[in-house]
Amino acid sequence: MPRDRKEKTEFGAYLVKAISDADMSQADFIAEVGIARPYFYDILKNSPPPKETLEKMLGVLEKRLPPDDTRRNTFMNIAAKCRGEIPADINDLIKDHPDEWDSIRIALTQMLSTHA
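Residues numbered from 1 in each chain as written. Predicted model: local features only at pLDDT ≥ 70, side-chain atom pairs only at ≥ 80, totals over all residues. Heavy atoms only, no water.

Trainee: Give a description of the overall build of the chain that names residues and reports values.
Mentor: On a plain count of helices and strands, the chain comes out with seven helices and zero strands. The secondary structure elements of the chain, listed N-terminal to C-terminal, are α-α-α-α-α-α-α. What you see for the chain is a C-alpha radius of gyration of 17 Å, clearly larger than the 13 Å of a compact globule of 116 residues, by over 25%. Taking the principal axes of the C-alpha coordinates as reference, the chain spans close to 55 × 35 × 25 Å. Restricting the contact set of the chain to residue pairs at least 6 apart, pairs at least 24 apart contribute 55%. When the accessible surface of the chain is summed, it comes to about 7,800 Å², and 54% of that surface belongs to carbon and sulfur atoms. (Helix = DSSP H or I, 4+ residues; strand = E, 2+ residues; numbered from the N terminus. Rg over C-alpha atoms; globule rule 2.2 N^0.38 Å. Contact = heavy atoms within 4.5 Å. Areas by Shrake-Rupley, 256 points an atom, 1.4 Å probe, with all protein chains shown as cover.)

Trainee: Which residues make up a nonpolar patch on the surface, and what values go with them?
Mentor: A grouping of Leu108, Met111 and Leu112 is seen on the molecular surface, where their side chains present a nonpolar patch of about 270 Å² in accessible area. Summarising the element assignment, Met111 is placed in helix H7 (residues 101–113). (Patch = residues over 30% accessible without salt bridge, like charges linked within 9 Å, V, L, I, M, F, W, Y side chains within 5 Å. Salt bridge = Lys/Arg side-chain N within 4 Å of Asp/Glu carboxyl O.)

Trainee: An account of the packing of helix H1 (residues 10–21) against helix H5 (residues 69–83) is needed here, citing residue identities and associated values.
Mentor: Each pair of packed helices can be summarised by the angle the axes make with each other and by the distance between the axes. Where H1 meets H5, the axes come as close as 8 Å, and the angle between the chain directions of the two elements is 150 degrees. With respect to H5, the element H1 is oriented roughly antiparallel. Counted together, Glu10, Phe11, Tyr14 and Leu15 of H1 and Arg71, Thr74, Phe75, Ile78, Ala79, Lys81 and Cys82 of H5 form the full contact between these two elements. Residues of the contact of H1 with H5, tallied by class, amount to seven nonpolar, one polar and three charged. (Axes fitted to C-alpha atoms, helices over the stretch in contact; angles between N-to-C directions. Parallel < 35°, antiparallel > 145°, perpendicular 65-115°, else oblique. Nonpolar A, V, L, I, M, F, W, Y, C, P; charged D, E, K, R; others polar.)

Trainee: Provide a residue-level description of helix H2 (residues 26–33), including the pertinent values.
Mentor: Inspection of H2 places Phe29, Ile30 and Val33 among the buried residues, and these make up the whole buried set. Taken around the axis of H2, the buried residues stretch over an arc of 100 degrees, which confines them to a single face. Buried-residue contacts for H2 involve H1, helix H3 (37–45) and helix H4 (51–64). (Buried < 20%, exposed > 50% of the residue type's maximum accessible area, 1.4 Å probe, protein only. Arc of directions from axis to C-beta.)

Trainee: Tell me about the side chain of Thr9, and name the residues and values.
Mentor: Take Thr9: it is sitting in the segment before H1. With a relative accessible area of 16%, Thr9 lands in the buried category. Engagement of the side chain of Thr9 in a polar contact is seen with the backbone nitrogen of Gly12, the distance being 2.9 Å. (Polar contact = N/O pair within 3.5 Å; in protein donor to acceptor, adjacent residues only side chain to side chain.)

Trainee: Go over the environment of Gly59 with me, naming the residues and quoting the values.
Mentor: Relative to the helices and strands, Gly59 resides in helix H4. The exposure class of Gly59 is partly exposed, given its relative accessible area of 31%. Each C-alpha atom of the pair Gly59 and Gly12 lies 17 Å from the other, and the pair is 47 residues apart in sequence.

Trainee: Help me get a handle on the side chain of Arg71, residues and values and all.
Mentor: With respect to the secondary-structure elements, Arg71 resides in helix H5. At 4.2 Å, Glu62 is the nearest oppositely charged side chain to Arg71, a buried residue that forms no salt bridge. At 3.1 Å, the side chain of Arg71 forms a polar contact with the backbone oxygen of Pro66. Ignoring any residue separated from it by four or fewer positions in sequence, one finds Arg71 in contact with Tyr14, Glu62, Leu65 and Pro66. (Lys, Arg positive; Asp, Glu negative; His and termini not counted.)

Here is the structure:
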């Protein structure tokens, strides 16, 4: 029976590179994050994990790499993009400021209309 050779998602490819940049084996990464190997491969080829697991993954990577806001933002952005969602940190900022939703809407509309 042929093995599934499904390509990695954009997030999966980014995660594999981040693990390599941290000079870790995938087996060590899986063990430190505390997830099952089949789930790890599902993450690489299908859908990124929920925010809590993403945070664990970043924590493991940041033990070996200096904390980096750009890496963290890219990690969250690509995960959300692959799920068709808004990045969790942006969603939390908006959700936590309901009195500012009109201002946020105006700012986003203005900002995005200049990029169209």
